[in-house]
Amino acid sequence: MSPVVSLAFPFFGLILLGFFSGKIAKVPEEGMRWMNFFIVYIALPALFFKLMSVTPFEQFGNWRFILATTLCTYIAFVISFGIGILASKGNVREATIQGNLGAYSNVGYMGPGLTLAALGPQSAVPTVLIFVFDSVLLFTLLPFLMALGGNEKMRFFATAKLVVIRIVTHPFNVASAAGVLASYLQWSPPAAIDTILTLLKNAAAPVALFALGVTVALRPLTKVPFEMPLHLFVKLIFHPILVFAMLSLLGGFERVWILTATLMSALPPALNVFVMARQYNVWVDKASSGVLVGTLASIGTVTGLLWLIAENKLPVW
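The following paragraphs examine the structure supplied in this document.

Quick notes on the rules
Residues numbered from 1 in each chain as written. Predicted model: local features only at pLDDT ≥ 70, side-chain atom pairs only at ≥ 80, totals over all residues. Heavy atoms only, no water. Helix = DSSP H or I, 4+ residues; strand = E, 2+ residues; numbered from the N terminus. Rg over C-alpha atoms; globule rule 2.2 N^0.38 Å. Buried < 20%, exposed > 50% of the residue type's maximum accessible area, 1.4 Å probe, protein only. Contact = heavy atoms within 4.5 Å. Areas by Shrake-Rupley, 256 points an atom, 1.4 Å probe, with all protein chains shown as cover. Lys, Arg positive; Asp, Glu negative; His and termini not counted. Charge placed at Lys NZ, Arg CZ, Asp CG, Glu CD. Expected span 1.5 Å × (residues − 1). Bend = angle between axes of the 7 residues up to and from the residue. Patch = residues over 30% accessible without salt bridge, like charges linked within 9 Å, V, L, I, M, F, W, Y side chains within 5 Å. Salt bridge = Lys/Arg side-chain N within 4 Å of Asp/Glu carboxyl O. Polar contact = N/O pair within 3.5 Å; in protein donor to acceptor, adjacent residues only side chain to side chain. Phe/Tyr/Trp six-rings, centres within 6.5 Å; stacked < 30°, edge-to-face > 60°. Axes fitted to C-alpha atoms, helices over the stretch in contact; angles between N-to-C directions. Parallel < 35°, antiparallel > 145°, perpendicular 65-115°, else oblique. Left-handed = near helix turned anticlockwise from the far one by under 90°. Nonpolar A, V, L, I, M, F, W, Y, C, P; charged D, E, K, R; others polar. Core = buried A, V, L, I, M, F, W, Y, C linked by side-chain atoms within 4.5 Å.

1. Points about the overall build of the chain
Across its full length, the chain carries 13 helices and zero strands. Listed by position from the N terminus, the elements making up the chain come as α-α-α-α-α-α-α-α-α-α-α-α-α. Since a compact globule built from 317 residues should have a radius of gyration of about 20 Å, the 19 Å found for the chain is in line with a globular shape. Scored against the burial criterion, the 317 residues of the chain give a buried share of 53%. Of the contacts formed within the chain by residues at least 6 apart in sequence, a portion of 84% connects residues at least 24 apart. Accessible surface computed for the chain: about 14600 Å², of which carbon and sulfur atoms make up 70%. Positive and negative charge centroids in the chain, built from 19 and 11 side chains respectively, lie 5 Å apart.

2. Points about helix 9 (residues 191-217)
Taking 1.5 Å per residue, 27 residues should reach 39 Å; helix 9 reaches 39 Å between its end C-alpha atoms and fits that length. At Ala204, helix 9 shows its largest bend, some 35 degrees, and a proline, Pro206, comes one to four positions later.

3. Some points on a nonpolar patch on the surface
On the surface, Phe57, Leu181, Tyr184, Leu185 and Trp187 cluster together to form a nonpolar patch covering roughly 570 Å² of accessible area. Its location among the elements puts Leu181 in helix 8 (residues 171-185). Note on Leu181: relative accessible area 49%, which makes it partly exposed.

4. Details of the side chain of Asn106
Note on placement: Asn106 falls in the loop between helix 4 (92-103) and helix 5 (111-119). Given the relative accessible area of 3%, Asn106 is considered buried. Only 3.2 Å separates the side chain of Asn106 from the backbone nitrogen of Tyr109, close enough to count as a polar contact. Other than its neighbours up to four places away in sequence, Asn106 contacts Gly111, Leu212, Leu267, Pro268, Pro269, Ala270 and Leu271.

5. A short note on the environment of Ser123
Residue position: Ser123 is located in the loop between helix 5 and helix 6 (124-149). Given the relative accessible area of 0%, Ser123 is considered buried. Here Ser123 is in contact with Thr115, Leu116, Val256 and Thr260, once residues within four sequence places are set aside.

6. A few points about unusual backbone geometry
Its identity as a non-glycine residue notwithstanding, Gln186 has a phi of 55 degrees, on the positive side. Within the secondary structure, Gln186 is located in the loop between helix 8 and helix 9. Unlike most non-glycine residues, Trp283 shows phi in positive territory, near 55 degrees. As for its position among the elements, Trp283 is in the loop between helix 12 (272-280) and helix 13 (284-310).

7. Structural notes on the packing of aromatic side chains
Aromatic ring pairs: the centre-centre distance and the angle between the two ring planes describe each pair. In total, this model carries eleven aromatic pairs according to the counting rule given. Ring centres 6.2 Å apart and planes at 70 degrees place the aromatic pair Phe57 and Phe60 in the edge-to-face group. Looking at Phe60, the relative accessible area reads 11%, which means it is buried. Aromatic pair Phe77 and Phe81: ring centres 5.9 Å apart, planes at 20 degrees, arrangement stacked. Residue Phe77 and its partner Phe81 are both found in helix 3 (residues 63-87); the two are separated by four residues, about one turn of the helix.

8. Observations concerning the pattern of salt bridges
Here the idea is simple: oppositely charged side chains can pair when their charged atoms come close. This model, assessed by the stated rule, comprises one salt bridge. For Lys50, the salt bridge is made with Asp194, and the minimal N-O distance between the two is 2.8 Å. In this pair, Lys50 is assigned in helix 2 (residues 33-53) and Asp194 in helix 9, connecting sequence segments 144 residues apart.

9. Describing the packing of helix 6 against helix 12
Packing of helix 6 against helix 12 brings their axes to within 12 Å, and their N-to-C directions diverge by 25 degrees. Taken as axis vectors, helix 6 and helix 12 run roughly parallel relative to one another. Here helix 6 and helix 12 pass one another in a crossing that is right-handed. Mapping the contact onto sequence places Phe139, Leu142, Pro143 and Met146 in helix 6 and Asn272, Met276 and Tyr280 in helix 12. A breakdown of the residues in the contact of helix 6 with helix 12 according to their chemical character gives six nonpolar, one polar and no charged.

10. What to know about the side chain of Ser288
By secondary structure assignment, the location of Ser288 is in helix 13. Take Ser288: its relative accessible area is 3%, and that puts it in the buried class.

11. Regarding the nonpolar core
In this structure, Leu44, Phe65, Ile97, Tyr104 and Leu247 are the most contacted members of the largest nonpolar core, which totals 95 residues. Here this core gets 15 residues from one element, more than from any other, and that element is helix 6. Other than its neighbours up to four places away in sequence, Tyr104 contacts Ser135, Leu138, Phe139, Lys235, Pro268, Pro269, Ala270, Asn272, Val273 and Met276. Among the nonpolar cores identified, the runner-up in size contains five residues, and Ala46, Phe49, Ala182 and Leu200 belong to it.

12. A word on the environment of Met35
Mapped onto the elements of the fold, Met35 is located in helix 2. The residues touching Met35, leaving out its near neighbours within four places in the chain, are Val207, Phe210 and Ala211.

Below is the structure:
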């Protein structure tokens, strides 16, 4: 068990360090803005570019893998959305946030660092593909369902334009596209630029995890509603089991791709779930609590999955 703890503890330790720092230090939340800007616009894009640019170009065309993993995320979303509809008595906007709580893994902050540490550089491509296409799926569903559930008349083309702009201009997606282009052209940046990118890449995971802990600590923990454990079961247990089963049954995937997808789907709810709730002022406190409780619960579930991977207990064929 010691190697698994040694692998998992630094990641969750950084989250907990940020969490306790957020609880103890009397620093206003506004102080997080530049750190969040650094993470989203500088460090993580550098990480994604570095991962993609050194990957053989032909590995990016695995559409069976993309469709299977994205379908699993959609199924998890539909289940949690349905739970949300029942819990909110038909409130589509609340159910949409709840759907994201059950489907949107923390693939940006936690995903790359954890999969690369656990499974090595061969996990880089499936990690990035899952991040890109899961984000496209959920960023697309959110505004359409929010418009559908609102009082205002839904303007389809205006909403579609907004979705496309947000997807195309997202810094993670821009960096990933640049990395794919660099891979296709077999281009490497000059040594000085490459050194900067390497420094930023190395800073991405620790800063992001610490910031995640601080941000979660600054959110209030309200009374846990009855539906939240159901969403967290979907997110932490059902989603990874579904991904593992589907990829295994379909066959034709490398072992590291199956394990990467399973690990990515087992991650706790993304902080973006709270950001989405706050953006639309819907289910805000409960979304905050869901991210907090889900992150704490994942210490056990993700560590358990890492043990299964390390001990070769998952029957990948």
